[in-house]
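An overview of the molecular structure
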Amino acid sequence: MAARIALQNQDMAEGVNLLAAGYENWAAEMERGPASPKYHQSLAELRNAATKLLGSTEGLSDEWLSNSENMALFERAAKGDLKAIDALRKSAAKEIVLQTGIAEDGIDSTEQ
């Protein structure tokens with residue numbers, strides 16, 4: 001258990017380092033929109049950093065990664081802001097729940 005927590009902390013620190021190194025460039029390219037030659041590469045690099053930071057980005061859309069609220073949180077996370085990292089985790093969890101169709105009460109909304 002302790003080894004797993006240490007590995008998760010190491011991955012989170014690596015995610016912060018990746019964000020710190022690349023966020024400004026990625027954000028600038030992504031602001032230019034999908035027509036930008038480096039837009040998709042920047043989005044992929046942001047997803048890689050977010051995967052390290054959050055533990056996974058499976059189930060998270062490109063729109064979630066690139067929306068203005070989350071981009072502002074990624075910018076703060078790049079500076080090591082733990083509240084921003086926590087907010088990103090909560091936002092990611094909500095997004096995953098929405099993508100799977102499970103309502104907050106635990107009932108699968110796709111089967112109703």
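This text follows the structure it describes.
Figured I'd write up the structure that's included with this text. (Residues numbered from 1 in each chain as written. Predicted model: local features only at pLDDT ≥ 70, side-chain atom pairs only at ≥ 80, totals over all residues. Heavy atoms only, no water.)

Moving on, we get to the pattern of salt bridges. Counted by the stated rule, this structure contains 6 salt bridges. With a shortest N-O distance of 3.6 Å, Glu14 and Lys52 are connected by a salt bridge. Here the residue Glu14 occupies a position in helix H1 (residues 2-32), and Lys52 occupies one in helix H2 (residues 39-54), the gap between them amounting to 38 residues. Across the pair Asp81 and Arg76 runs a salt bridge, and its minimum N-O distance is 3.0 Å. Taken together, the shared-partner salt bridges in this structure form one network comprising Asp11, Glu14 and Lys52. (Salt bridge = Lys/Arg side-chain N within 4 Å of Asp/Glu carboxyl O. Helix = DSSP H or I, 4+ residues; strand = E, 2+ residues; numbered from the N terminus.)

Below, the discussion takes up the packing of H1 against H2. With their axes 8 Å apart at the nearest point, H1 and H2 run at an angle of 160 degrees to one another. With respect to H2, the axis of H1 lies roughly antiparallel. As H1 packs across H2, the resulting crossing turns out to be left-handed. In contact with Asp11, Met12, Glu14, Gly15, Val16, Leu18, Leu19, Asn25, Trp26, Glu29 and Met30 of H1, H2 contributes Tyr39, Ser42, Leu43, Glu45, Leu46, Asn48, Ala49, Lys52 and Leu53. Considering only residue class, the contact of H1 with H2 consists of 11 nonpolar, 4 polar and 5 charged. (Axes fitted to C-alpha atoms, helices over the stretch in contact; angles between N-to-C directions. Parallel < 35°, antiparallel > 145°, perpendicular 65-115°, else oblique. Left-handed = near helix turned anticlockwise from the far one by under 90°. Contact = heavy atoms within 4.5 Å. Nonpolar A, V, L, I, M, F, W, Y, C, P; charged D, E, K, R; others polar.)

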